[in-house]
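Structure assessment
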Amino acid sequence: MKPNISVLGTGYLGVTHAAGLAEMGFDVIGVDVDAAKVARLARGEVPFHEPGLDDLVRTHTESGRLRFTTDHSEAAAFADVHFLSVGTPQSADGEAADLRYVDAAIDMLAPHLNRPCLVVGKSTVPVGTAARLTDRLTALAPAGHTVELAWNPEFLREGHAVADTIAPDRIVVGVGSDVAEKLLREVYADILERGTPFLVTDLATAELVKVAANSFLATKISFINAMAEVCEAAGADVTTLARALGHDARIGHRFLHAGVGFGGGCLPKDVRAFRARARELGGEGAAALLGEVDSINVRARARTLDLVRDSLGGEPAGHRIAVLGAAFKPGTDDVRDSPALAVATAVARAGAEVTVYDPMVRSAGAAACPGLTFSGSLEAAVTDADLVLLLTEWEEFRMADPRLLAAWVRTPRLVDGRNALDHQAWAAAGWSVRAPGRAPVAGQPSRDGAA
Ligand code: NAD
């Protein structure tokens, strides 16, 4: 018989994992402390945008294979395997991860664990957390040492979360016993049948795989953004440089796009938390490297504001600026640590009148982003703009006709913060173009004199 599953924390990771396991035929209960979120999920509604997830949650809440509760004791009574997928944000007072939600989840679940079971951490945590939680869990659980802890880091990408959950590129499990490994092999049996790599490690290595993977991706992005700084100074072109580098199979093209830098609910805080933990452990090399990766990333945002100034020939104050994009990347409505919103807010703080349009994000909370007005369409956002600033490379923006937009704006000035558009085509439509790591492109006057 298949083991029953609980998933603690029904955010981006937890809901997708719970729905994915229901799709694989397990009976799953999702647990969250947010009663409003649980009520929506119980009705089959996903509170955020993730392609394909609505259908999966609706299908399995209707089939009865997936249900949601706020009651940790219900999960304890029901499940044999408990996945832990609560948030691990950056601490308010430093770079380290704030582990209060992980600790609280264990404290709320463990006192109800009256029989042998497996608790499996999926949240991204500093190395050493699992060992500490093992002690906490066995001390609090009535079933004591028959309750085991494993760590199974999650690598899903927002925007592709469903596909990544159903067909991950690898599964990593940190386990302390053969029993835990066997149970996890049962949970992932369908995936393993397809030959997906299954890496069995100790707890510490499993915790480290996740932060090391995210740090590597972040390093790649900051590397090319550092090259963009050099390209600007040397009069070279970073997109051509990246293309040429990427043809080397050892380097590859992915994550080598110079622009406004990385953001979201994972990479920035994971890099910082890993840096803090590496420092604690005496890993000075890793700490120094990650510190530089972070500062290059922070600088990429500031340098985008400089490009706006260059393009306008002065301060943004008094200008009307259309910002295209608010989500931290296309395919999601997640605005956590979004470079787009950070730059848009900085432009607004510099005195510009900023109108944001994003196909998925209609408002990012007025308190979080003072000075930003959200618009319902691309046309409304760019009409009468003095400058268009592309910050999230949605398909709608990539496909936009620069001639049409030139007719809507007051002045055809483009800052392409993602190096996502065809600058020659935009220049031919009359736009002056600035972008990180590239020389300015002057707009060509149109033959009919329209721009
Ligand atoms: P999230 O903020 O969207 O979701 C966390 C959820 O946990 C919230 O709904 C919150 O109410 C709930 N929660 C808090 N305390 C709880 C408790 N005691 N019991 C039950 N629920 C509780 O976060 P997320 O983006 O899903 O990330 C969760 C973890 O997964 C983080 O460690 C993150 O780094 C990691 N991760 C996220 C992604 C991603 O793409 N979002 C990918 C891989 C790993």
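Everything numeric in this text was worked out from a predicted model, so none of it was measured. (Residues numbered from 1 in each chain as written. Predicted model: local features only at pLDDT ≥ 70, side-chain atom pairs only at ≥ 80, totals over all residues. Heavy atoms only, no water.)

1. Let's talk about the site of the ligand
Near the ligand you find 27 residues, and of these Asp32, Lys37, Thr88, Glu158 and Lys269 are the closest. One of the backbone nitrogen or oxygen atoms of Leu13 is found 2.9 Å away from an oxygen atom of the ligand. When the ligand is considered free in solution it has 840 Å² of accessible area, and contact with the protein chains removes 90% of it. Looking at the shell around the ligand, the elements that each hand over two or more residues are helix H1 (12–23) and helix H5 (100–109). Element by element, the count of residues in the shell around the ligand is highest for H5, at four residues. Mapping the shell around the ligand onto the domain boundaries places at least three of its residues in each of domain 1 (5–201) and domain 2 (210–300). (Near = heavy atom within 4 Å. Polar contact = N/O pair within 3.5 Å; in protein donor to acceptor, adjacent residues only side chain to side chain. Areas by Shrake-Rupley, 256 points an atom, 1.4 Å probe, with all protein chains shown as cover. Helix = DSSP H or I, 4+ residues; strand = E, 2+ residues; numbered from the N terminus. Domains from an automatic or database assignment.)

2. Overview of the packing of helix H10 (residues 203–234) against helix H12 (residues 267–280)
Where H10 meets H12, the axes come as close as 9 Å, and the angle between the chain directions of the two elements is 115°. Judged by the angle between their axes, H10 and H12 are roughly perpendicular. Read as a crossing pair, H10 and H12 show a hand that is left-handed. Contacts from Leu208, Lys210, Val211, Ala212, Asn214, Ser215, Ala218 and Ile221 in H10 reach Leu267, Asp270, Val271 and Phe274 in H12. Among the residues forming the contact of H10 with H12, the class breakdown is eight nonpolar, two polar and two charged. (Axes fitted to C-alpha atoms, helices over the stretch in contact; angles between N-to-C directions. Parallel < 35°, antiparallel > 145°, perpendicular 65-115°, else oblique. Left-handed = near helix turned anticlockwise from the far one by under 90°. Contact = heavy atoms within 4.5 Å. Nonpolar A, V, L, I, M, F, W, Y, C, P; charged D, E, K, R; others polar.)

3. Re the domain arrangement of the protein
Split by domain assignment, the protein resolves into domain 1 (5–201), domain 2 (210–300) and domain 3 (301–434). Taken over C-alpha atoms, the centre of domain 2 sits 24 Å from the centre of domain 3. Across the boundary between the two partners, domain 2 contributes 20 residues, which contact 15 residues of domain 3. At the boundary of domain 2 with domain 3, total buried surface from both sides reaches about 1300 Å², with 47% on carbon and sulfur atoms. On the domain 2 side of the contact with domain 3, Val260, Gly264 and Ala300 bury the most area, a combined 36% of that side's loss. If you look at where domain 2 meets domain 3, you find one salt bridge. One salt bridge in this structure joins Arg303 and Glu232, with 2.7 Å as the shortest N-O distance. (Buried area = accessible area lost by both parts, 1.4 Å probe. Salt bridge = Lys/Arg side-chain N within 4 Å of Asp/Glu carboxyl O.)

4. Digging into helix H3 (residues 53–63)
Taken as a whole, H3 has its buried residues at Leu53, Leu56, Val57, His60 and Thr61. The buried residues of H3 occupy an angular sector of 120° when the element is viewed end-on, so they sit on one face. Among the residues trailing H3, Gly64 stands out with phi positive, at a value near 85°. (Buried < 20%, exposed > 50% of the residue type's maximum accessible area, 1.4 Å probe, protein only. Arc of directions from axis to C-beta.)

5. Some points on the packing of aromatic side chains
Scanning the entire structure with this criterion turns up four aromatic pairs. Judged by centre distance (6.5 Å) and plane angle (55°), the rings of Phe83 and Tyr188 are tilted. You can see Phe83 sitting in strand E4 (residues 81–84) and its partner Tyr188 sitting in the loop between helix H8 (178–187) and helix H9 (189–193), a full 105 residues away along the chain. On the basis of relative accessibility, which here comes to 0%, the residue Phe83 falls in the buried class. Ring centres of Tyr357 and Phe397 lie 5.9 Å apart, and the angle between their planes is 70°; on these two criteria the pair is classed as edge-to-face. (Phe/Tyr/Trp six-rings, centres within 6.5 Å; stacked < 30°, edge-to-face > 60°.)

6. Regarding the nonpolar core
If you look at the biggest cluster of nonpolar residues, it comprises 50 residues, and the most contacted ones within it are Ile321, Val354, Leu389 and Trp431. Ranked by residue count, the leading element in this core is helix H14 (residues 339–349), at six residues. For Ile321, the residues in contact, after removing those within four places along its chain, are Val308, Leu312, Pro316, Val347, Ala352, Glu353, Val354, Thr355, Leu387 and Leu389. If you look at the next biggest cluster of nonpolar residues, it comprises 37 residues, including Val7, Ile171, Val175 and Ile191. (Core = buried A, V, L, I, M, F, W, Y, C linked by side-chain atoms within 4.5 Å.)

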